[in-house]
Amino acid sequence: MKAPLRSALLALLTFACLAGPPAAAQDAQSETKPKFGPDAVPMTEDREHLRKAGAPDFWAMIPYYTAQQTGSACSVASVAMMINALRGLPPLSSNRLVTQARVLNEVDDDGWKAATAENGDGVSFADFAGLVQKSVDAFGLDATVEVFRPKDTSPETLGELRRILGENERDDSDIILLAYDQGTLTGDATVGHIAPLGAYDAETRRVLVMDVDRLWYVPYWSSDEKLLEAMVKPDRSDPTGSGLIHVRLKDVRPKGRTAG
């Protein structure tokens, strides 16, 4: 995120997802700096995979693509997108969609509310995994919640990541939420962040990150190798790095039948 963050603040960050204008000292550089660094390609410049492949998760989530409501609410925005995509569009006019406010109200976790309020500290990866499970339970989804926390960037770990990504790409009955260092992918400040995985192109080995930091970004492609690097990068809250959370429906049925 393009926030006035430097070394004095970095040690305090969890997945704070802070969004804000560039620091005054960076204004001159910001005038000429590209929107994305060399490891990210905006979706606006590359839609080929989305046109030719099924990209089931992308099409399941794009109707519900939302912006984090505060600078630290990337976790809530990502969960809201995930719940909506897995539930599908409700059939009745009396059925509500899932908003970020509704996620917080239904889960009713005071710690999550405080962490994602304006100027909140955000959540750690370990806490986020538990909150995803609470969210699944609160909305009555019959789903499993699996955590993948890579320890290194070895070929073996990369192979396992690719297996998970490829499996997820088969249909829209499962959604992956990524927890990673945003700056590693975008070229901006080093900040712990959370966003849904929109698609995986196994042929080019690229992931589409549906970044909820909508003040600054559109969805962007990055290599699976760079994603792995971004997930294992440590911070104070998660010294062993972060990872991803894979939420998978147990009973796959046509979407659009969930009331509430």
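Since this is a predicted model, take the numbers as computed values, not measurements.

Further remarks concern helix H8 (residues 125-138). Between its first and last C-alpha atoms H8 spans 20 Å; for 14 residues at 1.5 Å apiece the expected length is 20 Å, and the two agree. For H8, the full list of buried residues reads Phe125, Phe128, Ala129, Leu131, Val132, Ser135 and Val136. Looking straight down H8, one finds its buried side chains confined to an arc of 165°; they lie on one side. Just past H8, the residue glycine 140 takes up positive phi, approximately 65°.

In this model, the protein carries an average pLDDT of 87, and 85% of its residues clear a pLDDT of 70 or more. The model gives residues 1-13 a pLDDT under 50, and that stretch makes 38 contacts with residues more than four places away or in other chains.

With that out of the way, let us pick up the nonpolar core. Grouped together as the largest cluster of nonpolar side chains are 46 residues, with contacts concentrated most on Val79, Met82, Val103, Trp112 and Val132. At 10 residues, helix H5 (residues 74-87) tops the list of elements feeding residues into this core. Look past the residues within four positions of valine 132 in its chain and what remains in contact with it is Val79, Met82, Val145, Leu177, Ile245 and Val247. One finds Leu178, Leu185, Leu197 and Ala230 within the second-largest nonpolar core, a separate group that totals 25 residues.

What follows concerns the packing of H5 against H8. Remark: H5 packs on H8, axes separated minimally by 11 Å, with the N-to-C direction vectors making an angle of 35°. Note on packing geometry: the crossing formed by H5 with H8 is right-handed. Residues Ser75, Val79, Met82 and Ile83 of H5 touch H8, and the partners they reach there are Phe128, Val132 and Ser135. The residue inventory of the contact of H5 with H8, partitioned by class, reads 5 nonpolar, 2 polar and no charged.

Rules behind the numbers
Residues numbered from 1 in each chain as written. Predicted model: local features only at pLDDT ≥ 70, side-chain atom pairs only at ≥ 80, totals over all residues. Heavy atoms only, no water. Helix = DSSP H or I, 4+ residues; strand = E, 2+ residues; numbered from the N terminus. Expected span 1.5 Å × (residues − 1). Buried < 20%, exposed > 50% of the residue type's maximum accessible area, 1.4 Å probe, protein only. Arc of directions from axis to C-beta. pLDDT = per-residue confidence, 0-100. Contact = heavy atoms within 4.5 Å. Core = buried A, V, L, I, M, F, W, Y, C linked by side-chain atoms within 4.5 Å. Axes fitted to C-alpha atoms, helices over the stretch in contact; angles between N-to-C directions. Left-handed = near helix turned anticlockwise from the far one by under 90°. Nonpolar A, V, L, I, M, F, W, Y, C, P; charged D, E, K, R; others polar.

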